[in-house]
Amino acid sequence: MTMQIPVELDPDVDDVAPSGNVVTPYDEQHSVTYYRLLDASRDGADWREVARIVLHRDPEGDEARTRRCWESHLARAQWLSGSGYRRILEQAVAAAARGAGRA
């Protein structure tokens, strides 16, 4: 499968990650961010440090907003790794079927 949106290695993030059961262009663009969050969570890294390094947020300046940002992106990463990947496959199959119908 080819991603529709270019993947960035260290992109800025929105205040809140997408929600719902559809993999969005934002998700595709931020896949590396999600992997980094999952790795940091697995390693037990402090959320403030992760927010500063991975999400480019300042937990000292606005702790509540930064925490919400970190929580929503980590939750999205966990959804994608747990069941969202199925959506990626389903979307790829649907796109392939649309492409085959044009041939």
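Residues numbered from 1 in each chain as written. Predicted model: local features only at pLDDT ≥ 70, side-chain atom pairs only at ≥ 80, totals over all residues. Heavy atoms only, no water.

## Some thoughts on the overall build of the protein
Okay, so step 1: Per the secondary structure count, the protein includes four helices and zero strands.
Okay, so step 2: Reading the helices (α) and strands (β) of the protein from amino to carboxyl end gives α-α-α-α.
Okay, so step 3: With 103 residues in all, the protein has 32% of them scored as buried.
Okay, so step 4: A sequence separation of at least 24 residues applies to 57% of the contacts in the protein between residues at least 6 apart.
Okay, so step 5: Counting only carbon and sulfur atoms, one obtains 53% of the accessible surface of the protein, whose full area is about 6400 Å².
Okay, so step 6: With 13 positive and 17 negative side-chain charges, the protein shows a separation of 7 Å between the mean positions of the two kinds. (Helix = DSSP H or I, 4+ residues; strand = E, 2+ residues; numbered from the N terminus. Buried < 20%, exposed > 50% of the residue type's maximum accessible area, 1.4 Å probe, protein only. Contact = heavy atoms within 4.5 Å. Areas by Shrake-Rupley, 256 points an atom, 1.4 Å probe, with all protein chains shown as cover. Lys, Arg positive; Asp, Glu negative; His and termini not counted. Charge placed at Lys NZ, Arg CZ, Asp CG, Glu CD.)

## Some words on the nonpolar core
Okay, so step 1: Formed by 18 residues in total, the largest nonpolar core has its most connected members in Tyr 34, Leu 37, Val 50, Leu 55 and Trp 70.
Okay, so step 2: It is helix H4 (residues 63–102) that contributes the most residues to this core, six residues altogether.
Okay, so step 3: In contact with Leu 37, not counting residues within four places along its chain, are Val 50, Val 54, Leu 55, Trp 70, His 73 and Leu 74. (Core = buried A, V, L, I, M, F, W, Y, C linked by side-chain atoms within 4.5 Å.)

## Some thoughts on the side chain of Thr 66
Okay, so step 1: Mapped onto the fold, Thr 66 is located in helix H4.
Okay, so step 2: The buried category is assigned to Thr 66, whose relative accessible area is 3%.
Okay, so step 3: Apart from the residues within four sequence positions on either side, Thr 66 is in contact with Trp 47, Ala 51, Arg 57, Asp 58 and Pro 59.

These figures capture arrangement, not role.
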